[in-house]
Amino acid sequence: MRIIFVRHGHPNYDDDCLTELGHKQAEAVAQRLKNEKIDRVFSSSCGRALDTAEHIAKLHNKEVILCDFMQEIGWGHIDGEPIEDNGHPWTVSAKMFSRGENIMNENWANEEPFLKNKYKVNALRLAGDLDKWLAELGYEREGRYYRTKTCNTENVVMACHGGSSAAALSHLLNIPIPFMCSSVAFGYTGIHILKLSEKEGVLTAPRIELINDVRHIAGLEIENVFGI
């Protein structure tokens, strides 16, 4: 099975939808995926992701299947107290990098700046829900990997967000969040493709086919920002 993660297009965060530019970007990513064999299209239930997914689904004559767990996930102190840069995962991860701290620390969730960050709590919750979704598709988590329960040859799209897709990729690839947020880009309609084994009964780890492909929006770029 191949999972094609697509971040939404340029958003109007206030109204939770795509801007005119965002729709152009979404149409561009739909055209980029036009020749892929898409079996199912999933989407966060947030409007900007759903708008993006609908462009893709239309070209493949598919219905969009909503996944609440892939909604954008927030950040900030879990108790509402002041926190460095409001706990913004990309900013604090970049500062860890600039200070020479270990962004590959597997104990990242139990140390600052993520110890009391809502992003950590939300990312761990998303990981559990992601595993439930994958189990429905025939892949059950065993430790750090997945057991292939059925032969699944589907190509599925998941339209989502920068924060939720970073958390999902971190869990799937066993890569700490600080590294994921500081070293991997999540551009508007950026495509990330992971492939899991289709051989029944084996342990599989997702293999990376593509990371943040945004070539389809050449000429439609705009400053990349993240919001909830």
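What you are looking at is a predicted structure, and each value in this text was computed from that prediction instead of being measured. (Residues numbered from 1 in each chain as written. Predicted model: local features only at pLDDT ≥ 70, side-chain atom pairs only at ≥ 80, totals over all residues. Heavy atoms only, no water.)

Asks: Give a detailed account of the layout of surface pockets, specifying residues and quantitative values.
Replies: Space inside the largest pocket adds up to approximately 310 Å³. If you go around the largest pocket, you meet 17 residues; those closest to its centre are E106, W108, S170, H171 and I175. Split into classes, the residues belonging to the lining of the largest pocket amount to nine nonpolar, five polar and three charged. (1 Å grid on protein atoms, 1.4 Å probe; cavity = no way out; pocket = protein on both sides within 12 Å on 5 of 7 lines; lining within 4 Å. Points joined across faces, edges and corners; volume = space filled by probe spheres on them. Nonpolar A, V, L, I, M, F, W, Y, C, P; charged D, E, K, R; others polar.)

Asks: Give a description of the sheet that holds strand β8 (residues 155–160) that names residues and reports values.
Replies: In spatial order, the strands read β5-β4-β8-β1-β9-β11; together these six strands make up an open sheet with mixed pairing. In this open sheet, the two strands that pair with only one neighbour each are β5 (64–66) and β11 (207–213). Across this sheet, the average inter-strand angle for adjacent strands is 20°, counted without regard to direction. Bridge count for strand β4 (residues 40–43) against β8 is four bridges, and the pairing is parallel. By the bridge assignment, S43 is partnered in β8 with A159. (Pairing = 2+ DSSP bridges. Helix = DSSP H or I, 4+ residues; strand = E, 2+ residues; numbered from the N terminus. Axes fitted to C-alpha atoms, helices over the stretch in contact; angles between N-to-C directions.)

Asks: Quick one: what's the story with the pattern of salt bridges, residue by residue and with numbers?
Replies: One pass over the full model with this rule turns up 14 salt bridges. Between E142 and R147 there is a salt bridge, and its shortest N-O distance comes to 3.0 Å. E142 gets classed as partly exposed once you look at its relative accessible area, which sits at 33%. Where salt bridges share partners, they join R2, E36 and E209 into one cluster. (Salt bridge = Lys/Arg side-chain N within 4 Å of Asp/Glu carboxyl O. Buried < 20%, exposed > 50% of the residue type's maximum accessible area, 1.4 Å probe, protein only.)

Asks: So what's going on with the packing of aromatic side chains? Residues and values would help.
Replies: Evaluated as defined, the whole model comprises six aromatic pairs. Ring centres of F42 and W133 lie 5.2 Å apart, and the angle between their planes is 85°; this geometry places the pair in the edge-to-face category. In this pair, F42 sits in strand β4 while W133 sits in helix α4 (residues 118–136), placing the two residues 91 residues apart along the sequence. Residue W133 is classed as buried on the basis of its relative accessible area of 4%. Cluster of aromatic residues (ring-pair linked, three or more members): W75, W90, Y119 and F226. (Phe/Tyr/Trp six-rings, centres within 6.5 Å; stacked < 30°, edge-to-face > 60°.)

Asks: Report on the side chain of S164, specifying residues and quantitative values.
Replies: Here S164 is to be found in helix α5 (residues 162–173). For S164, a relative accessible area of 0% translates into the label buried. Those residues in contact with S164 that lie beyond four places of it in its chain are M70, Q71, E72, I73 and L126. (Contact = heavy atoms within 4.5 Å.)

Asks: Describe the packing of helix α1 (residues 20–32) against helix α2 (residues 47–59), with residues and values.
Replies: Two elements in contact, α1 and α2, have axes whose closest approach is 8 Å; the angle formed by their N-to-C orientations is 35°. Where α1 crosses over α2, the two elements pack in a sense that is right-handed. Counting all contacts with α1, which are made through H23, A26, E27, V29, A30 and Q31, the residues of α2 involved are D51, T52, H55, I56 and L59. Here the residues of the contact of α1 with α2 are counted per class, giving five nonpolar, four polar and two charged. (Left-handed = near helix turned anticlockwise from the far one by under 90°.)

Asks: Kindly report on the sheet that holds strand β6 (residues 139–142), identifying the contributing residues and their values.
Replies: Judged by pairing direction, the sheet is antiparallel, and its three strands sit side by side in the order β6-β7-β10 without closing on themselves. In this open sheet, the two strands that pair with only one neighbour each are β6 and β10 (203–204). Of the strand pairs in this sheet, strand β7 (residues 145–148) and β10 are connected by two bridges, and their pairing is antiparallel. Each bridged residue has a counterpart across the sheet, and for Y146 the counterpart in β10 is T204. The sheet strands contacting α4 are β6 and β7, and the helix crosses β6 at an angle near 135°.

Asks: So, α4: which residues are in play, and what are the values?
Replies: Helix length check: α4, at 19 residues, gives a terminal C-alpha distance of 27 Å against a target of 27 Å (1.5 Å per residue), a fit within 8%. For α4, every residue scored as buried is listed here: Y119, K120, A123, L126, A127, L130, D131, W133 and L134. Taken end-on, α4 shows its buried residues confined to a sector of 160°, consistent with a single buried face. Facing away from the buried surface of α4 by more than 90 degrees, the exposed residues are K132 and E136. Backbone nitrogen of Y119 and a side-chain oxygen of the N-cap are separated by 2.9 Å at the start of α4; the cap is N117. Positive backbone phi, at 105°, marks G138, one or two positions downstream of α4. (Expected span 1.5 Å × (residues − 1). Arc of directions from axis to C-beta. Polar contact = N/O pair within 3.5 Å; in protein donor to acceptor, adjacent residues only side chain to side chain.)

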